[in-house]
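Spelled out, the chains give:
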Amino acid sequence: MRGAAQLDLLLNNTEISEEHRRIAQKVANNERMTFEEGVFLFESCDLDYLGVLANTVRERKNGDTVFFNRNFHIEPTNLCVYDCKFCSYSRLIKQRSDADAWAYSMDQMFDIVRSYDGQPVTEVHIVGGVLPQYDLAFYTEFFKKIKAHRPELHVKALTPVEYHYIFKKAKVSYEEGMALMKSAGLDSMPGGGAEIFDSEIREQIAADKCTAEQWLEIHEVWHHLGGRSNATMLYGHIESFRHRIDHLDRLRQLQDKTGGFQTFIPLKFRNKDNQMSHVPECSSIEDLRNYAVSRIYLDNFDHIKSYWPMIGRTMAQMSLAFGVDDIDGTVDDTTKIYSMAGAEEQNPSLTTQQLVDLIRRVGRRPVERDTLYNVVQDFTDVTFEEDRQWRGYYELPVVSES
Ligand code: V47
Ligand code: SF4
């Protein structure tokens with residue numbers, strides 16, 4: 001394994017400081033980082049050092065495997081009652097460009113589901129803006145319709161931001177509300193809405209939606225019902241490294257309690273067409289450092305995901321050497337929240353073959369998973385026609401011995 005050999009080299013390097021060696025030794029011993037050590041990783045460690053540590057952890061947990069899934073997205077609306085400063089969906093932005101607005105009816109959303117009939121997708125990911133008409137009755141009916149139509153399709157839908165709003169309006173507790181969603185067909189929860197947990201930063205960028213405590217509580221309730229979920233962190237704006245570690249630490253604490261999180265997804269702040277356009281985006285080096293520290297710090301999370309439509313294909317490939325073992329799915333072009341905010345991929349669409357190639361070209365093993373990380377198909381030895389041509393192109397000529 002590359003990670004272990006790289007770590008040995010690092011530990012034998014006489015030029016690194018005692019503190020860097022002590023922390024590397026902790027990774028070798030599979031020991032947990034403290035809060036201050038997490039801050040040290042961000043503040044005092046270079047990309048190459050972090051990469052070795054993160055790759056060691058990544059390979060210990062997932063070997064060379066890179067997971068992806070076949071999913072599609074439904075974004076019910078791009079209008080929202082909230083006003084997150086970083087979001088291109090927020091109501092102030094929308095007032096300026098009403099021509100771009102949409103709010104799908106139940107029938108329109110169901111048509112999207114039906115348009116994937118016969119296609120080998122395993123998951124529908126539903127997330128968008130928050131509006132009063134998308135209430136408890138709407139979503140429970142919609143989930144039931146999906147399940148009646150295609151029972152095996154995994155419904156990964158809505159975040160605590162929507163649930164908090166919906167349950168408050170319906171006057172039901174989080175426990176009652178999540179139980180209703182579960183019996184209607186909700187299978188798991190995506191990781192959105194977490195942003196940054198620190199209250200002072202949250203107040204400045206996402207003041208009026210659910211608090212960090214409410215976000216964590218809804219995930220905890222869902223985990224107690226037997227559900228699984230993801231977690232995200234919006235980074236690279238006005239937060240400090242300490243705020244990032246605080247965020248990771250709160251997730252790690254809840255995971256110790258419930259074990260219900262599957263994947264952590266760092267989301268890079270993009271600054272196009274939102275109220276934070278004046279805030280510069282962080283560098284690609286910082287993105288990789290952030291993946292690496294997340295991988296090292298979140299020792300109780302099995303998976304770290306990079307969201308390729310947001311960071312682009314090349315960066316997604318690079319992230320695989322910095323702790324990432326999942327690159328989401330063969331998403332189609334309905335994912336608007338990012339393209340509106342300035343994502344790398346304006347029309348994010350990759351065929352399974354392209355995704356498999358992308359993973360192979362950096363020497364890793366592509367494995368299609370379902371939402372719960374059951375293996376759907378191991379693509380290690382599967383060759384496509386185009387793939388054969390690509391390999392043929394790069395193959396060295398065979399030199400005869402005689
Ligand atoms: O919570 C909004 C983010 C999130 C911007 O669980 C922005 O598998 C960057 O959570 N720049 C929603 N990010 C999307 C999400 C997600 C995505 C992919 C996979 C999964 C999963 C979850 O999008 C929001 C917010 O943090 N976001 N605006 C922006 N300008
Ligand atoms: Fe609404 Fe979510 Fe955008 Fe905030 S991030 S304005 S809650 S869609």
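Anything mentioned here points back to the structure above.
Note that the structure is a prediction, hence the values are computed from the model and not measured.

S.K.: Run through the overall build of the protein chain, naming residues and quoting values.
M.R.: The helix and strand tally for the protein chain stands at 18 helices and eleven strands. Put simply, the protein chain has 402 residues, and 59% of those count as buried. Summarising the internal contacts of the protein chain: among those between residues at least 6 apart in sequence, 75% fall at separations of at least 24. Counting only carbon and sulfur atoms, one obtains 51% of the accessible surface of the protein chain, whose full area is about 16,800 Å².

S.K.: Before we move on, can you summarise the nonpolar core with the specific residues and values?
M.R.: Counting 83 residues, the largest nonpolar core has Leu41, Leu53, Leu251 and Ile327 as its most contacted members. Of all the elements, helix H4 (residues 47–62) adds the most residues to this core, at seven residues. When residues are assigned to domains, this core turns out to be shared by domain 1 (3–62) and domain 2 (65–393), each giving three or more. Apart from the residues within four sequence positions on either side, Ile327 is in contact with Val66, Phe67, Ser306, Trp308, Ala316, Leu320, Leu355, Leu358 and Ile359. Residues Leu131, Tyr139, Ala157 and Val221 belong to the second largest nonpolar core, which totals 35 residues.

S.K.: Residue-level account of unusual backbone geometry, with values.
M.R.: For Lys171, which is not glycine, the phi dihedral falls at a positive 55 degrees. Its place among the elements puts Lys171 in the loop between helix H8 (160–170) and helix H9 (174–184). Overall, Lys171 belongs to the exposed group, its relative accessible area being 74%. Located in the positive-phi region is Tyr373, a residue other than glycine, with phi close to 70 degrees. Checked against the element boundaries, Tyr373 lands in the loop between strand E10 (365–369) and strand E11 (375–378). Owing to a relative accessible area of 13%, Tyr373 belongs among the buried residues under this scheme.

S.K.: Account for the sheet that holds strand E9 (residues 326–329), naming residues and giving values.
M.R.: Spatial strand order, E9-E1-E10-E11: four strands in an open sheet with mixed pairing. The open sheet is flanked by E9 and E11, the only strands paired with a single partner. Within this sheet the neighbouring strands show an average axis-to-axis angle of 25 degrees, counted without direction. The sheet strands contacting helix H17 (residues 352–360) are strand E1 (65–69), E9 and E10, and the helix crosses E1 at an angle near 160 degrees.

S.K.: Can you break down H4 residue by residue, with the values?
M.R.: With 16 residues, H4 extends 21 Å between its outermost C-alpha atoms, agreeing within 8% with the 22 Å of an ideal straight helix rising 1.5 Å per residue. Positive phi appears at Gly63, one or two residues downstream of H4, with a value of about 55 degrees.

S.K.: Any details on the side chain of Arg289? Residues and values, ideally.
M.R.: By secondary structure assignment, the location of Arg289 is in helix H13 (residues 284–297). Using a relative accessible area of 9% as the deciding quantity, one classes Arg289 as buried. Once you skip the residues sitting within four places of it in the chain, Arg289 turns out to touch Leu41, Phe42, Cys45, Leu47, Leu50 and Phe241.

S.K.: Talk me through the packing of aromatic side chains; I want residue IDs and the actual numbers.
M.R.: Per the counting criterion, the structure on display carries 16 aromatic pairs. The interplanar angle of 35 degrees and the centroid separation of 5.9 Å between the aromatic rings of Tyr139 and Phe143 together place this pair among those described as tilted. Here the residue Tyr139 and the residue Phe143 both occupy positions in helix H7 (residues 136–149), the gap between them amounting to four residues, near one helical turn. When sorted by exposure, Tyr139 lands in the same class as Phe143, which is buried. Each residue in the set Tyr134, Phe138, Tyr139, Phe142 and Phe143 is aromatic and connected to the rest through ring pairs, giving one cluster. Seen from the ring of Trp222, Lys182 lies directly overhead, with NZ or CZ sitting 5.9 Å from the centre. The ring centre of Tyr373 lies 4.4 Å from the NZ or CZ of Arg369, which sits over that ring.

S.K.: Explain the site of ligand 1 to me, using residue names and the numbers behind them.
M.R.: Taken together, 25 residues form the shell around ligand 1, and within it Phe86, Lys156, Gly191, Gly193 and Glu195 come nearest. With respect to ligand 1, the side chain of Asn230 contributes an N or O atom lying 3.1 Å from an oxygen atom. Within the side chain of Lys305, a nitrogen or oxygen atom sits 2.9 Å from an oxygen atom of ligand 1. Considered on its own, ligand 1 offers 620 Å² of accessible surface; in the complex 96% of this is hidden by protein.

S.K.: An account of the packing of helix H1 (residues 2–11) against H4 is needed here, citing residue identities and associated values.
M.R.: Close contact between H1 and H4 brings their axes to 8 Å; oriented N to C, the two are set at 140 degrees. The orientation of H1 with respect to H4, classified from their angle, is oblique. Here the hand of the crossing between H1 and H4 comes out left-handed. Contacts between H1 and H4 pair Arg2, Gly3, Ala4, Gln6, Leu7 and Leu10 from the former with Tyr49, Val52, Leu53, Asn55, Thr56 and Glu59 from the latter.

Cut-offs applied
- Residues numbered from 1 in each chain as written.
- Chains lettered and ligands numbered in written order.
- Predicted model: local features only at pLDDT ≥ 70, side-chain atom pairs only at ≥ 80, totals over all residues.
- Heavy atoms only, no water.
- Helix = DSSP H or I, 4+ residues; strand = E, 2+ residues; numbered from the N terminus.
- Buried < 20%, exposed > 50% of the residue type's maximum accessible area, 1.4 Å probe, protein only.
- Contact = heavy atoms within 4.5 Å.
- Areas by Shrake-Rupley, 256 points an atom, 1.4 Å probe, with all protein chains shown as cover.
- Core = buried A, V, L, I, M, F, W, Y, C linked by side-chain atoms within 4.5 Å.
- Domains from an automatic or database assignment.
- Pairing = 2+ DSSP bridges.
- Axes fitted to C-alpha atoms, helices over the stretch in contact; angles between N-to-C directions.
- Expected span 1.5 Å × (residues − 1).
- Phe/Tyr/Trp six-rings, centres within 6.5 Å; stacked < 30°, edge-to-face > 60°.
- Lys NZ or Arg CZ within 6 Å of the ring centre and 35° of its normal.
- Near = heavy atom within 4 Å.
- Polar contact = N/O pair within 3.5 Å; in protein donor to acceptor, adjacent residues only side chain to side chain.
- Parallel < 35°, antiparallel > 145°, perpendicular 65-115°, else oblique.
- Left-handed = near helix turned anticlockwise from the far one by under 90°.

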